[in-house]
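# Reading the structure
Here are the chains, one letter per residue:
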Amino acid sequence: MRKIYKEEDNPYTLQFSYIPPQYISRMSLTDDIIKDLKKSVPAFRCHFLTGVRGCGKTVLMAEISEILSSEKDWITVDIENPEGNIIELLARGLYRKPHIRNMFVEAKLDFSVMGLGVSVEKAKLIASNELDVLDMMLSTLKKHNKKLLVTIDEVTYCEEIAEFSHALSSYARAKYDIFVLMTGLKSNIKALKNDKSLTFLYRAKEHEV
């Protein structure tokens, strides 16, 4: 007679990037990063999570993003392709959020250069490229007291990351509330931090997971 086995939910998971039901949170590190990001004057605007493959960098990043996204004054956007045009991907990620998009519509911002929305009649500001679009978005978010956390998984040294770092430096000078949380292998993070021209990333805080 065939034995019938009862199917049970697995409280753990071996899949990358998923937070399992019985995830053992690194509370100390999670709290340290979140507390710094939420300070009126954060010590660091960028945090790196480093470690070997499979150590939980991505899961920890997802947990921090989930915690902050639950707070009314925070917005989180995940960049799925760190080797793509990050400025454009970030702008599109923001525009896809209905409650954020409404802020841009009310401010009469014209983003038609990127194919976002339609040309705005009597627009107060008209973007001419993706840098303009993101600058106008960040300025609007600041007026609404919104803080933005950008998450990027498994970064490597590439032209797109370098361009993003230079843009972030200008956003910091403009006092926009934009913060970055990245994961990557130690060798890749070292390559980024060794380039002193990437000021924003050079000054980032590195955490071993």
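As the structure is a computational prediction, the values presented were derived from the model and not from experiment. Position numbers for residues start from 1 in each chain and track the written sequence from start to end. Restriction of local features to residues with pLDDT of at least 70 applies here, the model being predicted, together with a cutoff of 80 or more for giving and counting side-chain atom pairs; totals for whole chains, interfaces and linings are based on all residues. In computing side-chain values, all of the structure's heavy atoms are included and hydrogens and water are not.

## Re the overall build of the protein chain
Heads up, the condition is: Comment: elements are numbered from the N terminus, with helices defined as DSSP H or I runs of at least four residues and strands as E runs of at least two. When a residue's accessible area, from a 1.4 Å probe over protein chains only, is under 20% of the maximum for its type it is buried; when over 50% it is exposed; and in between it is partly exposed. Note that accessible areas follow from Shrake-Rupley with a 1.4 Å probe, and for residues the cover is restricted to the protein chains shown.
Helices and strands together make up the secondary structure of the protein chain, namely 8 helices and 7 strands. Within the protein chain, the proportion of its 209 residues that are buried is 44%. Here the protein chain has roughly 12100 Å² of accessible surface; of this, 51% comes from carbon and sulfur atoms.

## Concerning the environment of isoleucine 161
What counts is decided by this rule: The contact criterion used throughout is that any non-hydrogen atoms of two residues lie within 4.5 Å.
Looking at where isoleucine 161 falls in the secondary structure, it is placed in helix α6 (residues 159-173). The exposure class assigned to isoleucine 161 is buried, which follows from its relative accessible area of 1%. Along the backbone, isoleucine 161 and leucine 201 are 40 residues apart, and their C-alpha atoms lie at a distance of 9.5 Å. What isoleucine 161 contacts, discounting residues up to four positions off in sequence, is Pro82, Ile86, Ile152, Val155, Thr156, Leu192 and Leu201.

## A look at the pattern of salt bridges
Inclusion rule: One speaks of a salt bridge when a side-chain nitrogen belonging to Lys or Arg is within 4 Å of a carboxyl oxygen belonging to Asp or Glu.
Under the definition given, this model contains 7 salt bridges. What you see here is one network of salt bridges that share partners, running through Lys186, Glu206 and Glu208.

## Remarks on unusual backbone geometry
Backbone geometry places lysine 108, a non-glycine residue, at a positive phi of 55 degrees. Its location among the elements puts lysine 108 in the loop between α4 (98-106) and β3 (109-110). Judged by its relative accessible area of 38%, lysine 108 falls in the partly exposed class. You will see that lysine 175, though not glycine, has its phi angle at about 65 degrees, which is positive. Residue placement: lysine 175 occurs in the loop between α6 and β6 (178-184).

## Section: the side chain of aspartate 110
Put simply, the rule is: A positive count includes Lys and Arg, and a negative count includes Asp and Glu. His and the chain ends are not counted in either. Any pair of N or O atoms that falls within 3.5 Å is considered a polar contact. Within protein, one atom must be able to donate a hydrogen and the other to accept it, and sequence-neighbouring residues count only if both atoms are side-chain atoms.
Examined against the element boundaries, aspartate 110 turns out to sit in strand β3. Buried charge without a partner: aspartate 110 forms no salt bridge, and the closest opposite charge is lysine 108, 12 Å away. Within polar-contact distance, the side chain of aspartate 110 engages the backbone nitrogen of valine 120 at 3.0 Å.

## Side note on the pairing of strand β5 (residues 147-152)
For clarity, the threshold we go by: Paired strands are those between which DSSP finds at least two bridges. When the strands point away from the viewer, a crossover counts as right-handed if the route from the first strand across the helix to the second turns clockwise.
With 6 of 6 residues buried, β5 is to be regarded as a mostly interior element. Alternating positions in β5 separate into two faces, Lys147, Leu149 and Thr151 on one and Leu148, Val150 and Ile152 on the other, with burial throughout. Bridge analysis of strand β2 (residues 74-79) against β5 gives 6 bridges, and the strand direction is parallel. Across the sheet, the residue bridging to aspartate 78 is threonine 151, located in β5. Sheet topology places β5 next to β6; 5 bridges connect them, and they run parallel. The residue of β6 that forms the bridge with leucine 148 is isoleucine 178. Tracing the backbone out of β5, into α6 and back to the parallel element β6 gives a crossover that is right-handed.

## Structural notes on the sheet that holds β2
Rules: Axis angles are defined between N-to-C directions and span 0 to 180 degrees, where every axis is a line fitted to C-alpha atoms and, for a helix, only to the segment in contact.
Overall, parallel pairing links the 5 strands, which are arranged β2-β5-β6-β1-β7 in an open sheet. Each edge of the open sheet carries a strand with a single partner, namely β2 and β7 (205-208). The average undirected angle you get between the axes of adjacent strands in this sheet is 20 degrees. The strands that helix α7 (residues 186-193) touches are β1 (46-50), β6 and β7; relative to β1, the one it contacts most, it runs at about 150 degrees.

## A few points about helix α2 (residues 57-69)
In an α-helix, one turn spans 3.6 residues, which is why side chains three or four residues apart end up on the same side. Using the following cut-off: One fewer than the residue count of a helix, multiplied by 1.5 Å, yields its expected span.
Here α2 is 13 residues long and its end C-alpha atoms lie 18 Å apart, about the 18 Å a rise of 1.5 Å per residue gives. Taken residue by residue, α2 has Lys57, Thr58, Val59, Leu60, Met61, Glu63, Ile64, Ser65 and Leu68 as its buried positions. Turning to α2, the residues buried within the fold contact α1 (27-37), β1, β2, β5 and β6.

## What to know about the packing of helix α3 (residues 86-95) against helix α5 (residues 130-143)
Note the cut-off: An angle below 35 degrees is treated as roughly parallel, one above 145 as roughly antiparallel, one from 65 to 115 as roughly perpendicular, and anything else as oblique. Crossings are classed by handedness, with left-handed meaning an anticlockwise turn of the near helix from the far one by less than a right angle and right-handed meaning a clockwise turn. Side-chain classes follow a simple rule in which Ala, Val, Leu, Ile, Met, Phe, Trp, Tyr, Cys and Pro form the nonpolar group, Asp, Glu, Lys and Arg form the charged group, and the remainder, Gly included, forms the polar group.
Viewed as axis vectors pointing N to C, α3 and α5 meet at an angle of 45 degrees, and their least axial separation amounts to 9 Å. When the axes of α3 and α5 are compared, the pair comes out oblique. Seen along the crossing, α3 lies across α5 with a hand that is left-handed. Contacts between α3 and α5 involve Ile87, Glu88, Leu90, Ala91, Leu94 and Tyr95 from the former and Glu130, Leu131, Val133, Leu134, Met137 and Leu141 from the latter. Within the contact of α3 with α5, the residues separate by chemical class into 10 nonpolar, no polar and 2 charged.

Honestly, that's just the spatial picture; any functional story needs more than this.
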